[in-house]
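# Descriptive structure summary
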Amino acid sequence: MIKKFITGLLFLSFTSVAQAVLKIDITEGYEGALPIAIIPFQWNGSKKIEDADVSAIISSDLARSGKFSPVAEKDLIARPQTPSEVHFKTWRIAGMDHIVIGSVTLQADGKYQVQFRLIDILKAKQVLGYSFTATDKTLRDVAHQISDYIFTHITGLPGAFGTRIAYVTVQRDNKGGDKGSVSRLQVSDTDGYNPQTLLTSAQPIMSPAWSPDGSELAYVSFENGQAEIFTQNIRTGARQSRSRYKGLNGAPAWSPDGKKLAITLSKDGNPDIYILNLNDNSLQRVTNHWSIDTEAAWLPDGKSIVFTSSRSGKPQLYLQAVTGNARPERLTYEGGYNASASVSADGKYVAYVHGEGNIYRIAILDLETKSSRILTDGPLDESPEYAPNNSMILFASQDKGKAVLAAVSVDGRQKQRLSFTEGEVREPSWAAARY
Amino acid sequence: MKKLLLISVLALSVVACSQATKPDSEDIAGSIDMQEAGGATAGTIEGAEGAGGTELEGGKLVSYEENAINDPNNVLSQKVVYFAFDSNKVGDDYVELVKHHGRYLAFNANARVRLEGHADERGTREYNVALAEARARAVKQLMLYEGAGNDQIAVISYGEEKPVAFGHDEESMSLNRRVEIVYQ
């Protein structure tokens, strides 16, 4: 399993000028998070690589999840390097549940051996420990994998730090007009590092969506003078036009088995949701209503979708089985604008855009109790995307008039801004697996 | 056909100030109510046939000659239709304008136009693409009623992806809720 991870640490074959790196600022903290001490890893045979500070990356990942509260480096009461140096009683008095120790060792072959150990203070023993081999280029990836191991071991939830995110950036010319604007489809690590460009276009790019195995992106591009849905392999760069019917071709969403795309087409008069079978390009119509039906999101069982419909006059969320001409069940009633659903990996919750007046915020709906709660402050929050670990939601927001990405923990208490130094960034999609 | 159309042009330009027509706001693809409001009745005008009819309207020429769309003094020089928030209804202020363009297409069978639908930044991107397409289709429908041919009019929706104003105030957003009439 570990080996597979290491060999799987590939680079996108698409060469590109590195865009400005995402910068993550924690804007609000969470008092109830689990205390953990990440001891700065010891570097042997090499100076610490500042851009690949493994223990700092782990600390940042765990903090971002909202479920952990890593001790600031300057507040560490001790810096053990081996299990035998850990003084359990001291850490217990300090109120620490877990500590992480580790090392990065430069080997004769020029590669790095990265070791980490997760130590449970109450149990007074090591509960997890692995060794990885990495190059200077894969050190950050290894750090994210370690974050996932720790996160999963303690919370029982799947990890999501070692995968990738995709998003769209737009740079406009100096005059701020649309002419001369450049749209890019970009892929980066989940903390915004290592951004790479998959597509550059003078026309809009929209709605990137990861295939379940993280190998392909579906998206909408207007490069050929109309909305057109493509899928593109991130490793080979090979891409296919999947849908270019007359009218809308939008909102692609991969079925959980990766064999189909739910898409929005208006070829039959007005926007409805169809399922495109990727093997034979056959289409199956799911909704048939004169209003706008769009933004399908699959439930994990692949049998139903949540979508946006204006059939009640204003956009609201509906749940409908994808087969058998099922009747849609209306899910949202509060407020005049509820749209753009993202279903959690466990199928229990739906994150969506909730608009009231001129304020658009991210909310979560509990599919069982049908109760909802608002997580963000707005005023122009959109494109919510559940992280595969179910603990955070990525979304697009405005900060001082600039389009940025932000993350919020599902309890709403941990908020972070991911900001580019230039340009607008929008429409985040978080891969469930790293290909 | 052409004669009939031009006659209605002139009649409508007379009543343009008094809420001439009212599109049905509920059904985007459905029928547009073509009854002239205010009891105005359309009369015939001698010698109005042909594409050369010229009438003044609000300081702008009304003419459907081939080059009329390039004449800054012609009513057809205005090529943007603005909309209310979350609405695809062609507002009363723009019905006449859209009809003029529809009649231009009817008179110039070789003319081709692309209707580009846009939305402001509020709400979700894919919903806005759908909304902006509905706006463009509403404009197209009005043009069809004026005699334009279905194959003369292409519709594309850009949603909120191509704003012309970049502020977050109502003034900027109102400029972005639009359909651009782009002759090819």
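Reading the values: the criteria
- Residues numbered from 1 in each chain as written.
- Chains lettered and ligands numbered in written order.
- Predicted model: local features only at pLDDT ≥ 70, side-chain atom pairs only at ≥ 80, totals over all residues.
- Heavy atoms only, no water.
- Helix = DSSP H or I, 4+ residues; strand = E, 2+ residues; numbered from the N terminus.
- Buried < 20%, exposed > 50% of the residue type's maximum accessible area, 1.4 Å probe, protein only.
- Contact = heavy atoms within 4.5 Å.
- Areas by Shrake-Rupley, 256 points an atom, 1.4 Å probe, with all protein chains shown as cover.
- Salt bridge = Lys/Arg side-chain N within 4 Å of Asp/Glu carboxyl O.
- Polar contact = N/O pair within 3.5 Å; in protein donor to acceptor, adjacent residues only side chain to side chain.
- Phe/Tyr/Trp six-rings, centres within 6.5 Å; stacked < 30°, edge-to-face > 60°.
- Lys NZ or Arg CZ within 6 Å of the ring centre and 35° of its normal.
- Pairing = 2+ DSSP bridges.
- Expected span 1.5 Å × (residues − 1).
- pLDDT = per-residue confidence, 0-100.
- Axes fitted to C-alpha atoms, helices over the stretch in contact; angles between N-to-C directions.
- Core = buried A, V, L, I, M, F, W, Y, C linked by side-chain atoms within 4.5 Å.
- Domains from an automatic or database assignment.

## Looking at the overall build of chain A
Counting its secondary structure elements, chain A contains four helices and 31 strands. Here chain A holds 435 residues, and 56% of them are scored as buried. Pairs at least 24 apart in sequence give 45% of the contacts found in chain A among residues at least 6 apart. Counting only carbon and sulfur atoms, one obtains 49% of the accessible surface of chain A, whose full area is about 17700 Å².

## A closer look at unusual backbone geometry
All names here are of chain A. Residue Pro379 is bonded to the preceding Gly378 through a cis peptide linkage, with omega at 10 degrees. Secondary-structure assignment places Pro379 in the loop between strand E26 (372–374) and strand E27 (382–386). The backbone of Ala124 sits at a positive phi, close to 55 degrees, despite the residue not being glycine. By the element assignment, Ala124 lies in the loop between strand E6 (112–120) and strand E7 (125–134). You can call Ala124 partly exposed: its relative accessible area is 35%. Phi at Ala251 is positive, roughly 50 degrees, even though this residue is not glycine. Inspection of the secondary structure puts Ala251 in strand E15 (residues 249–254). Judged by its relative accessible area of 6%, Ala251 falls in the buried class.

## A look at the interface of chain A and chain B
Across the boundary between the two partners, chain A contributes 42 residues, which contact 26 residues of chain B. Seen at the junction of chain A and chain B, the total is three salt bridges. A salt bridge links Arg426(A) to Glu161(B); the nearest nitrogen and oxygen atoms lie 3.1 Å apart. Remark: the boundary between chain A and chain B carries 14 residue pairs in polar contact (both at pLDDT 80 or more). Of all the elements in the fold, those that place two or more residues in the side of chain A that touches chain B are strand E11 (205–210), E15, strand E19 (293–298), strand E23 (337–343) and strand E31 (424–430) of chain A.

## Details of the packing of aromatic side chains
Applying the stated criterion across every chain, the model contains 17 aromatic pairs over all chains. Relative to Tyr149(A), the ring of Tyr130(A) lies with its centre 4.5 Å away and its plane at 55 degrees, an arrangement referred to as tilted. One end of the pair, Tyr130(A), is in strand E7; the other, Tyr149(A), is in helix H4 (residues 139–155), with 19 residues separating them in the sequence. A relative accessible area of 31% means that Tyr130(A) is categorised as partly exposed. Here Phe222(A) and Tyr158(B) contribute two aromatic rings whose centre-to-centre distance is 5.2 Å and whose plane-to-plane angle is 35 degrees, an arrangement assigned as tilted. Of this pair, Phe222(A) sits in the loop between strand E12 (216–221) and strand E13 (228–233) while Tyr158(B) sits in strand E5 (residues 153–159), each in a different chain. Cluster of aromatic residues (ring-pair linked, three or more members): Phe116(A), Tyr130(A), Phe132(A) and Tyr149(A). In this arrangement the basic side chain of Arg239(A) is found over the ring face of Phe230(A), its NZ or CZ atom lying 4.2 Å from the centre. Looking at Lys162(B), its charged tip hangs above the ring of Tyr158(B), at a distance of 5.0 Å from the centre.

## Concerning the sheet that holds strand E21 (residues 316–321) of chain A
The strand order across the open sheet built from four strands is E19-E20-E21-E22 (chain A), with neighbouring strands paired in antiparallel fashion. Each edge of the open sheet is held by one strand with a lone partner, namely E19 and strand E22 (329–330) of chain A.

## What about helix H2 (residues 92–107) of chain B?
Along its 16 residues, H2(B) runs 24 Å from first to last C-alpha, staying within 8% of the 22 Å computed at 1.5 Å per residue. Counting buried residues along H2(B), 14 of its 16 residues qualify, which places the element largely inside the surrounding structure.

## Concerning the confidence of the model for chain B
Detailed reading of predicted coordinates is not advised where the pLDDT is low. In this model, chain B carries a mean pLDDT of 77, and residues with pLDDT of at least 70 account for 68%. This model gives residues 1–51 of chain B a pLDDT under 50, and the stretch forms 83 contacts once residues within four places in sequence are excluded.

## A few points about the sheet that holds E26(A)
Residue and element names in this part refer to chain A. Strand order across the open sheet formed by four strands is E23-E24-E25-E26, with antiparallel pairing between neighbours. Since the sheet does not close on itself, it has two edges, and those belong to E23 and E26, each with one partner. With direction set aside, neighbouring strand axes in the sheet form an average angle of 30 degrees. Bridge analysis of E23 against strand E24 (residues 349–356) gives five bridges, and the strand direction is antiparallel.

## A short note on the nonpolar core
All names here are of chain A. Of all hydrophobic cores here, the largest spans 40 residues; its most connected members are Val54, Ile58, Val114, Phe116, Leu139, Ile146 and Ile150. For this core, the element with the most residues is H4, which contributes seven residues. Here this core spans two domains, and each of domain 1 (31–155) and domain 2 (164–430) adds at least three residues to it. The next biggest cluster of nonpolar side chains, apart from the first, holds 37 residues, and it includes Leu248, Tyr337, Leu375 and Tyr386.

## Let's talk about the side chain of Asp61(A)
Residues and elements named next belong to chain A. Looking at the element boundaries, Asp61 is found in helix H2 (residues 54–64). With a relative accessible area of 0%, Asp61 lands in the buried category. Reaching out from Asp61, the side chain makes a polar contact with the side chain of Ser147 at a distance of 2.8 Å. Excluding residues within four positions of it along the chain, Asp61 makes contact with Ala143, His144, Ser147 and Phe161.

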